[in-house]
Amino acid sequence: MFVGWLWLKEAFLGLMRNKRWNLTAIFITTSCLFLFSTSFAVGLNAKHFAKSFDQKIEIRIDLKESAKDYSRIQRSLEEMPNVKSVEFVSKSEGLKSFKKELGKDADMLDELGKNPLAARFVVKVKDTSRIQQTVDAINKMKIAESVQYGKNFVEKILVSAKAISKFGYICTAVGAIITIIVVFSSIQNNIYQRKNEIRIKQLIGAGYLTIRIPFILEALILMCVSSGIVYLAFYYGFARLMEKIHSSIPFFTFLDPNTVLQQLWIPLGGLALVVGFVGSALSTYRNINKKNA
Amino acid sequence: MIEFRSVQKIYKEDHHVAVKEASFKVEKGEFVFFVGPSGAGKSSLLKMIYKEEMPTNGQILVFGKDVKRFKTTKLRRNVGVVFQDFELLKNKTAYENVAYALECLGESPFKIKKKAMTALERMGIEEHAKRYPHQMSGGQQQRIVIARAIVNEPKILVCDEPTGNLDFESAETVMYYLNELNQSGSTILMSTHNMHIVNKMNKRIMIVEDGVVKTENEETKFNVTNFIEEIEHTSQT
């Protein structure tokens, strides 16, 4: 118990003595953790966006003029394994809703003389990841003038979001390596400054941990500060940023900022502690003579 | 208490043979001087007792157990070490320097206070407990180092040139306290160049010359005296 107090005391003393290095380490570590948290939030929102959009995805089949046996076509569609529901929109119903959409410009449709729209089936699928197979099967039926679905758009957005997220994670990995090097150097510097204390500890028979743990604790405290700064920045800044983005692209549905924060703190804290532990453990292993304790 | 059996020490880095042959015994409560010129192997001999260095060949027994089998931390809690350079923490007072050793061993604050003050009293520097090292003389600083080495009550005290940086008077004071410790039961092994001290203390002497340890006995007594005179003459010229 008493030696634990000594570890903490020495860890804080080390932080105070080594201010310049530690501030540099905090700055670099905070940047790295911020990058990670941003990537994490982008990833979470991309998943959420894809999920919410998935529920709205439908296949629109504009039928050929020759395809008149609507009930047989509907049965065939309903029998397809990935199909959840099939809705028939007749030519007249289609025209009616189209006129409604056009509003005051609807008169121009009357000028055409006849209904230009095709009869349509609207198909909802169970699994959007297999939508392409369903579309292919529909095309094979040779009943459609055109088959449209919004998957491409969602996929493009997902690919972009994943690319951003992936780039962020790569930057995070590079940042983590840089942080490990910074923590390593910071602890190395501290070990050099406290070589007399280490020597005394070794000579009086202090244990392996008593000599090394203050340095590891020091790095962990440093990383806790950095992750705390990032978490606070997200706590106060993330909701505002989401509001701004949402006002410029309202069709995007974002995750509730509180949900993001709840899911962020464990990976953020975990990454910070792992990086701090690895950097300081490597530094003590390399710089403290093992032969003596 | 300590036994060297045909010990040899060769440093891997430069293949330097520091100790060619060392075979001797030190009994409990003895005070032994290791005398010899610089580079003779005195420090290497002492370092092997507290596992700062390991013997290349041979065997060293401490408390009847091979040092190789001793856990370094356990061995060092029973062997106090004092060097020529004081190695005191400049930002700590005399008391704090001594107490620090116990703090690192996880002692309770109550025990630390009691033991640290006792160690300072044994070295006659309790009145300087609140002073920082730079406020004290070399002799006083070395007594703090000894107090720190004995605060955990080790059974053996290894002193590597403890009076090397001290003036004559301070060296004599340090020797007085080391003698007191020896009188109270501590086994002391000390390397030194100071022939005046060796002569005055009248303790057992081992000559270390060119890596070979020669134990003093009745037959070699005359040679030892000659050797001491030789070293004294060399240091004067």
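Residues numbered from 1 in each chain as written. Chains lettered and ligands numbered in written order. Predicted model: local features only at pLDDT ≥ 70, side-chain atom pairs only at ≥ 80, totals over all residues. Heavy atoms only, no water.

## Observations regarding the confidence of the model for chain B
Just so we agree on the cut-off: Every residue is assigned a pLDDT by the predictor, reflecting its confidence on a scale from 0 to 100.
On average, residues of chain B carry a pLDDT of 86, and 90% of them reach 70 or more. ipTM for the predicted complex: 0.83, alongside a pTM of 0.74.

## Some remarks on the interface of chain B and chain A
As a reminder of what qualifies: When checking whether two residues touch, look at their non-hydrogen atoms; a contact exists if any pair is within 4.5 Å. When two parts are put together, the accessible area they lose, computed with a 1.4 Å probe and summed over both, is reported as buried area. Whenever a carboxyl oxygen of Asp or Glu lies within 4 Å of a side-chain nitrogen of Lys or Arg, that contact is scored as a salt bridge. Think of a polar contact as two N or O atoms within 3.5 Å of one another; within protein, one of them needs to be a possible hydrogen donor and the other a possible acceptor, and neighboring residues in sequence only count if both atoms come from side chains. Each helix is a run of H or I in the DSSP string that is no shorter than four residues. Each strand is a run of E no shorter than two, and both are numbered from the N terminus. All amino acids are sorted into three groups, where Ala, Val, Leu, Ile, Met, Phe, Trp, Tyr, Cys and Pro are nonpolar, Asp, Glu, Lys and Arg are charged, and the leftover types, Gly among them, are polar.
Counting residues at the interface gives 25 residues for chain B and 20 residues for chain A. Contact between chain B and chain A buries roughly 2,000 Å² in total, counting both sides, with carbon and sulfur atoms accounting for 56%. For the chain B face of the interface with chain A, the top three residues by lost area are R76, Y100 and C104 of chain B, together amounting to 27%. A salt bridge links E52 of chain B to R199 of chain A, with the shortest nitrogen-to-oxygen separation between them at 3.2 Å. Viewed at the interface, chain A and chain B are joined by five residue pairs in polar contact (both at pLDDT 80 or more). Counting residues per element, the side of chain B that touches chain A draws most heavily on helix α3 (residues 94–104) of chain B, which supplies four residues. Taken together, the residues of the side of chain B that touches chain A sort by class into 11 nonpolar, five polar and nine charged.

## Some details on a nonpolar patch on the surface
Rules: The residues that make up patches have over 30% relative accessible area and no salt bridge, and they are joined within 9 Å when like-charged or within 5 Å when they are Val, Leu, Ile, Met, Phe, Trp or Tyr. Note that accessible areas follow from Shrake-Rupley with a 1.4 Å probe, and for residues the cover is restricted to the protein chains shown.
On the surface, V274, F277, V278 and L282 of chain A cluster together into a nonpolar patch covering about 340 Å² of accessible area. Structurally, L282 of chain A can be placed in helix α10 (residues 257–287).

## Some remarks on the sheet that holds strand β4 (residues 144–149) of chain A
All names here are of chain A. Our working definition: Strand pairing follows a simple DSSP-based rule, namely that at least 2 bridges must link the two strands. Inter-axis angles, ranging from 0 to 180 degrees, are taken between N-to-C directions of lines fitted to C-alpha atoms, where helices are fitted over the stretch in contact.
Strand order in this open sheet of four strands is β2-β3-β1-β4, and the pairing throughout is antiparallel. Bordering the open sheet on either side are β2 (83–89) and β4, each of which pairs with just one other strand. Taken pair by pair, the neighbouring strands of this sheet meet at an average axis angle of 20°, ignoring direction. Bridge analysis of strand β1 (residues 58–63) against β4 gives five bridges, and the strand direction is antiparallel. Its bridge partner lying in β4, R60 is registered against Q148. Helix-sheet contacts for helix α3 (residues 70–78) involve β1, β2 and β3 (120–125), and the interaxial angle to β2 is about 160°.

## Digging into the packing of helix α1 (residues 2–17) of chain A against helix α9 (residues 208–248) of chain A
Two quantities define a packed helix pair, namely the angle between the helix axes and the distance between the axes. Residue and element names in this part refer to chain A. Put simply, the test is: Any angle from 65 to 115 degrees is called roughly perpendicular, while one under 35 is roughly parallel, one over 145 is roughly antiparallel, and all others are oblique. By definition, turning the near helix anticlockwise from the far helix through less than a right angle yields a left-handed crossing, and turning it clockwise yields a right-handed one.
In the contact formed by α1 and α9, the axes pass within 8 Å of each other and the chain directions differ by 55°. Considering the angle they form, α1 stands oblique to α9. The handedness of the crossing between α1 and α9 comes out as right-handed. Of the residues in α9, those touching α1 at V3, L6, W7, L8, E10, A11, F12, G14 and L15 are L209, T210, I213, P214, L217, E218, I221 and L222. Here the residues of the contact of α1 with α9 are counted per class, giving 13 nonpolar, two polar and two charged.

## Some words on unusual backbone geometry
Residues and elements named next belong to chain B. Basically, it comes down to this: Categorising residues by exposure relies on relative accessible area from a 1.4 Å probe, with only protein chains included: less than 20% of the type maximum marks a residue as buried, more than 50% marks it as exposed, and the intermediate range marks it as partly exposed.
Phi is positive for F63, which is not a glycine, with a value near 55°. Here F63 shows up in the loop between β4 (57–62) and β5 (65–66). Judged by relative accessible area, which is 30%, F63 ranks as partly exposed. Notably, D210 is not glycine yet its phi reads approximately 55°, a positive angle. Relative to the elements of secondary structure, D210 occurs in the loop between β9 (204–209) and β10 (212–215).

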